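The residues making up each chain are set out below.
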Amino acid sequence: MSKGLRLRWRLDKHPSGLAGVCAGPRGSTLYDSTGKRYAMVSAINRGGSGWYWVAGWDSDVPRRNTCNQPVPTIDEAKAEAMAYVRAALARTGDQS
């Protein structure tokens, strides 16, 4: 990640229409200032009984999905995802 780029969490948009009626808790997506997606966190089910994160996409971060190891809160999932992304970027020398 070049100097000046920052990683930020953005709350996912609430589904509209009928999809919004039964929607569970909203997750968040981790982007840099150019709009590149690095990770996302989501609830395991509509009840929000656990949270998992997925990394990868168009970033140089290796793909990882933690749906089999959920954590109790969204904050824990975000912290784990951020640590994973930062460590991956540091390994590739892409961290500012």
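Please refer to the structure higher up on the page.
Overview of the structure. (Residues numbered from 1 in each chain as written. Predicted model: local features only at pLDDT ≥ 70, side-chain atom pairs only at ≥ 80, totals over all residues. Heavy atoms only, no water.)

## Examining the sheet that holds strand 3 (residues 37-43)
The sheet built from five strands is open, its strands ordered 1-2-3-4-5 with antiparallel pairing. Each end of this open sheet is capped by a strand with a single partner; those strands are strand 1 (8-11) and strand 5 (64-65). One ladder, built from five bridges, connects strand 3 with strand 4 (residues 51-55); its direction is antiparallel. Across the sheet, residue Ala39 finds its bridge partner in strand 4, namely Ala55. Across the sheet, helix 2 (residues 74-92) is in contact with strand 1, strand 2 (28-31), strand 3, strand 4 and strand 5; its angle to strand 4 comes to roughly 20°. (Pairing = 2+ DSSP bridges. Helix = DSSP H or I, 4+ residues; strand = E, 2+ residues; numbered from the N terminus. Contact = heavy atoms within 4.5 Å. Axes fitted to C-alpha atoms, helices over the stretch in contact; angles between N-to-C directions.)

## Thoughts on the packing of aromatic side chains
Within this structure, the stated rule accounts for one aromatic pair. With a centroid separation of 5.2 Å and an interplanar angle of 45°, the aromatic rings of Trp53 and Tyr84 are classed as tilted. With Trp53 in strand 4 and Tyr84 in helix 2, the pair connects residues that are 31 residues apart, well separated along the chain. (Phe/Tyr/Trp six-rings, centres within 6.5 Å; stacked < 30°, edge-to-face > 60°.)

## A word on the environment of Asp58
Note on placement: Asp58 falls in the loop between strand 4 and strand 5. The sequence separation of Asp58 and Ala39 amounts to 19 residues, and the corresponding C-alpha distance is 10.0 Å. Leaving out residues up to four positions away in the same chain, Asp58 has contacts with Lys36 and Arg37.

## A few points about the side chain of Ser59
Positionally, Ser59 belongs in the loop between strand 4 and strand 5. Here Gly56 takes part through its backbone oxygen, which lies 2.6 Å from a polar atom of the side chain of Ser59. Among all residues touching Ser59, those that are not within four sequence positions of it are Lys36, Arg37 and Tyr38. (Polar contact = N/O pair within 3.5 Å; in protein donor to acceptor, adjacent residues only side chain to side chain.)

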